[in-house]
Amino acid sequence: MEDVDFINSLLKHSFAFRLYKRKSSFEIIFDQADRFNKQNAKKYEFVLLLKPYLSDDYPELVFAYINACLSFKNKTNRSSSIPLEMLIYLSGAKSITEAISKLGADKKGEFLIFSNSLDTLDTMEREGLIECREELKNRNINAEDLPALSNIAKNKLEAT
């Protein structure tokens, strides 16, 4: 029951899944996201930069987020941050380096941002670091949505 309450507290945030193009150097964007992640790790808020081909994997991202947060709560995490832990879950990789090479955003071109901090994304846009090209998903998720999301994720896995 304790984990259910914890998961419900994680899902109180709105999640955004947006396609961006860079208006600043990738290093500056990455540094700002990394700084935000370090400052807000205890609040389980995050910004995750991904390769753009993941646009259909929204349910998997939500479950990766929940699993990453649970691993930090239970002290079973394999990495130093929620976004890195998410990449490990999403990629199925054994190492952080392999996970980043499979799914991490490239230094060139467009990238996806998945976050539960809409204010941070809006700030990055206002500061001229990024420009939203497409809002792919932006919604609240509650525990009641998890079975439906789980079925979508399960059907996708079975189809591959």
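The structure presented is a predicted model; accordingly, all values stated were derived computationally and were not measured.

**Some remarks on the overall build of the protein**
Piece 1. Counting secondary structure elements, the protein contains seven helices and four strands.
Piece 2. Reading the secondary structure of the protein in the N-to-C direction produces α-β-α-β-α-α-α-β-α-β-α.
Piece 3. The burial tally for the protein puts 44% of its 160 residues in the buried class.
Piece 4. Counting contacts in the protein only where the partners sit at least 6 residues apart, residues at least 24 apart contribute 75% of the total.

**Section: helix 6 (residues 118-126)**
Piece 1. Buried residues of helix 6: Thr120, Leu121 and Met124, and no others. All buried residues of helix 6 project into a common sector of 100 degrees when viewed along the axis, lining one side. Exposed side of helix 6, more than 90 degrees from the buried face: Asp119 and Arg126 are the residues found there.
Piece 2. The positive-phi residue at the C-terminal boundary of helix 6 is Gly128, with phi of around 80 degrees.

**Description of unusual backbone geometry**
Piece 1. If you check the backbone angles, Tyr44 has positive phi at about 60 degrees while not being a glycine.
Piece 2. On the secondary structure map, Tyr44 appears in the loop between helix 2 (26-39) and strand 2 (47-50).
Piece 3. Its relative accessible area of 17% is what places Tyr44 among the buried residues.
Piece 4. Phi angles above zero are rare outside glycine, and Lys75 is one such case at about 60 degrees.
Piece 5. With respect to the helices and strands, the residue Lys75 is situated in the loop between helix 3 (58-73) and helix 4 (82-91).

**Structural notes on the side chain of Ser117**
Piece 1. Position of Ser117 among the secondary structure elements: in the loop between strand 3 (111-115) and helix 6.
Piece 2. Aside from chain neighbours lying at most four places away, what touches Ser117 is Phe36, Glu45 and Phe46.

**A short note on the confidence of the model for the protein**
In low-pLDDT regions, the fine details of the predicted coordinates are not to be read closely.
Piece 1. The pLDDT averaged across the protein works out to 80; a share of 80% of its residues lies at or above 70.
Piece 2. For residues 156-160, every residue scores under 50 in pLDDT, and the model assigns this stretch three contacts once sequence neighbours within four places are set aside.

**A few points about the pairing of strand 2**
Piece 1. Both faces of strand 2 are covered, namely the face carrying Val47 and Leu49 and the face carrying Leu48 and Leu50.
Piece 2. The pairing of strand 2 with strand 3 spans four bridges and is classified as antiparallel. Along strand 3, the bridge assignment pairs Leu49 with Ile113.

**Regarding the environment of Ser79**
Piece 1. Relative to the helices and strands, Ser79 is located in the loop between helix 3 and helix 4.
Piece 2. Taking the relative accessible area as the measure of exposure, Ser79 reaches 8% and is therefore buried.
Piece 3. In this structure the C-alpha to C-alpha distance between Ser79 and Ala68, which are 11 residues apart in sequence, comes to 9.4 Å.
Piece 4. Residues within four places of Ser79 in sequence aside, it is in contact with Phe72, Leu84, Glu85, Ile88 and Ile96.
Piece 5. Engagement of the side chain of Ser79 in a polar contact is seen with the backbone oxygen of Ser81, the distance being 3.1 Å.
Piece 6. Within polar-contact distance, the side chain of Ser79 engages the side chain of Glu85 at 2.7 Å.

How each quantity is defined
Each chain has its residues counted from 1, running along the sequence as written. Local features are withheld for residues below a pLDDT of 70 in this predicted model, meaning they are given only at 70 or higher, and side-chain atom pairs are given and counted only at 80 or more; totals for whole chains, interfaces and linings count all residues. Side-chain calculation: all heavy atoms of the structure are included, whereas hydrogens and water are not. Starting at the N terminus, helices and strands are each numbered in turn, a helix being any DSSP run of H or I of at least four residues and a strand any DSSP run of E of at least two. A simple rule labels every residue: compare its accessible area, found with a 1.4 Å probe on the protein chains alone, to the largest value its type can have, and call it buried under 20%, exposed over 50%, or partly exposed in between. Residue contacts are defined here by distance: any two heavy atoms, one from each residue, within 4.5 Å place the two residues in contact. Taken from the helix axis, the directions to the C-beta atoms give the arc we talk about. As a per-residue measure, pLDDT reflects the predictor's confidence and takes values from 0 up to 100. DSSP bridges decide pairing: two strands pair if at least two such bridges lie between them. Each polar contact in these results corresponds to two N or O atoms within 3.5 Å; when the atoms are within protein, one needs to be able to donate a hydrogen and the other to accept it, and residues that are neighboring in sequence are counted only if both atoms are side-chain atoms.

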